[in-house]
Amino acid sequence: MRPGDPSLSAESLRAEEHARVSERVQGIVDERRARDRVDTGRIHPYFGQLRAQLEKQMDAPPLFDMPSFPKQLMYSYAEKARQFGATGSPGSMPGPRKPPKPGELLAKRARDEPGYNRLRGLSQAGEELQDFAHGVSTMKLTVTLELLQGPDGLLREVKLISRSGNRAYDDYVLQAVPPALGKAAVPPPDAMGVHTDGIRSVWAVEGRVVYVRKVSEMKKGADNIYLAALTAAGLLAGNFDETTGEVYVIDVRNPHFECRSRLLRVY
């Protein structure tokens, strides 16, 4: 079409291909390094402060039309069955192996001494109830964001990488990011991930319904009757927060939504 056009020469085409491939390979390397910084813990405490500010800003979200308690319970049961089919254990999850739970230890003991079966059953039921109440196996919404900040930490742009499927939740998270980062401290210039041209990081913000409540928030009357009923049924399972001294118990009557942010990549 254009005889003698230098852009069609073999040398020019090779140079274009080399630049294109080099850019693609560099992108793959940058992605791997960004993930490895987080996976190996080689990140500055500044990013932990960002996570804390994000979660503090999203401290009291609405329920976002999440399924009712019975549907959540059925979903949890189906999720446990799926895990059992995939791994042979209803509690096995990908990642490093965790220490065995009390119920698992009692299950091993019950093989030799059947008298432990009742105790094992109660222990494992309590563990499953705790997982459900804390949202471990309930439905969750996850939105993935890319945050672009200046070297001084000021937010420049928020990019939505993937949606959760719930537009109201996505909008809530996007609106919470600017005020959250506005309260964050200025990052040290020598921190890994902080560059002269700014900071680029990717986060997942997970939200789910939880069914736990502080004992200190409960009042006399109906709450006392509820706790007594759980105790009589052997279902009173709670936990103690060592940092705050608060005692939490399962309360299916008062579901609330909880948001947790997770750092995925730091470039």
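Residues numbered from 1 in each chain as written. Predicted model: local features only at pLDDT ≥ 70, side-chain atom pairs only at ≥ 80, totals over all residues. Heavy atoms only, no water.

Examining helix α6 (residues 167-182)
Definition in use: By the criteria applied, helices consist of DSSP H or I runs no shorter than four residues and strands consist of E runs no shorter than two, each listed in order from the N terminus. Helix span, as expected, comes to 1.5 Å for every residue beyond the first. Throughout, bend refers to the angle between the axes fitted to the seven residues that end at a position and the seven residues that start at it. Burial classes: relative accessible area under 20% of the type maximum marks a residue as buried, over 50% as exposed, and values in between as partly exposed (1.4 Å probe, protein chains only). The contact definition used throughout considers only heavy atoms, calling two residues in contact when any of these lie within 4.5 Å. The term polar contact refers here to a pair of N or O atoms within 3.5 Å; inside protein, the definition further demands a hydrogen-donor-capable atom paired with an acceptor-capable atom, and it admits residues adjacent in sequence only when both atoms are side-chain atoms.
End to end, α6 covers 24 Å across 16 residues, agreeing with the expected 22 Å (1.5 Å per residue, within 8%). The principal kink in α6, of about 25°, is found at alanine 176, preceding the proline proline 178 by one to four residues. For α6, the set of buried residues is Tyr169, Asp170, Tyr172, Val173, Ala176, Val177, Ala180 and Leu181. The secondary structure elements touched by the buried residues of α6 are α2 (45-57), β1 (140-149), β2 (155-162), β4 (198-210) and β8 (256-266). With a side-chain oxygen lying 3.1 Å from the backbone nitrogen of alanine 168, the N-terminal cap of α6 falls on asparagine 166.

Things to note about the nonpolar core
Counted only if it meets this: The set of buried Ala, Val, Leu, Ile, Met, Phe, Trp, Tyr and Cys residues whose side-chain atoms join them within 4.5 Å is what this entry labels a nonpolar core.
The biggest cluster of nonpolar side chains holds 36 residues, and the ones touching the most others in it are Phe47, Met58, Tyr169, Val173 and Phe257. In terms of residue count, α6 provides more of this core than any other element does, seven residues in total. In this structure valine 173 touches Met58, Val143, Leu145 and Val205, once residues within four positions along its chain are discounted.

Here's the deal with the pattern of salt bridges
What counts is decided by this rule: Here a salt bridge means any side-chain nitrogen of Lys or Arg lying within 4 Å of a carboxyl oxygen belonging to Asp or Glu.
Per the counting criterion, the structure on display carries 13 salt bridges. Across the pair glutamate 11 and arginine 14 runs a salt bridge whose closest N-O atoms are separated by 3.9 Å. You can see glutamate 11 and its partner arginine 14 sitting in helix α1 (residues 10-39), three residues apart, about one turn around the helix. Each member of the pair, glutamate 11 as well as arginine 14, is classed as exposed. For the salt bridge of arginine 51 with glutamate 55, the shortest nitrogen-to-oxygen distance reads 3.4 Å. Of this pair, arginine 51 and glutamate 55 both sit in helix α2, four residues apart, which is roughly one turn of the helix.

Some points on unusual backbone geometry
Positioned with a positive phi, phenylalanine 64 is a non-glycine residue whose angle comes to about 55°. Inspection of the secondary structure assignment puts phenylalanine 64 in the loop between α2 and α3 (69-87).

Brief notes about the environment of arginine 260
Relative to the helices and strands, arginine 260 resides in strand β8. Note: C-alpha distance between arginine 260 and glycine 207 (53 residues apart in sequence) is 6.3 Å. Once residues within four sequence positions are removed from consideration, arginine 260 is found in contact with Glu55, Ala204, Val205 and Glu206. Here glutamate 258 takes part through its side chain, which lies 3.4 Å from a polar atom of the side chain of arginine 260.

Describing the pairing of β2
Operational definition: When DSSP finds two or more bridges between two strands, those strands count as paired.
As paired elements, β1 and β2 share six bridges and run antiparallel to each other. Bridging across to β2, leucine 148 finds its partner in glutamate 157. Linkage of β1 to β2, two consecutive antiparallel strands, is achieved through a turn of five residues, within which glycine 153 is found at a positive phi near 90°.

Thoughts on the packing of aromatic side chains
Selection criterion: Between the rings of Phe, Tyr and Trp (Trp by its six-membered ring), a pair exists once the centres lie within 6.5 Å; its type follows the angle of the planes, with under 30 degrees stacked, over 60 edge-to-face, and the other angles tilted.
Applying the stated rule across the entire model yields five aromatic pairs. Judged by centre distance (5.5 Å) and plane angle (75°), the ring pair of tyrosine 46 and phenylalanine 47 falls under edge-to-face. Pair check on accessibility: tyrosine 46 and phenylalanine 47 agree, each one buried. Seen in terms of ring centroids, phenylalanine 64 and tyrosine 172 are 5.5 Å apart; in terms of plane orientation they differ by 70°. Their pairing is edge-to-face.

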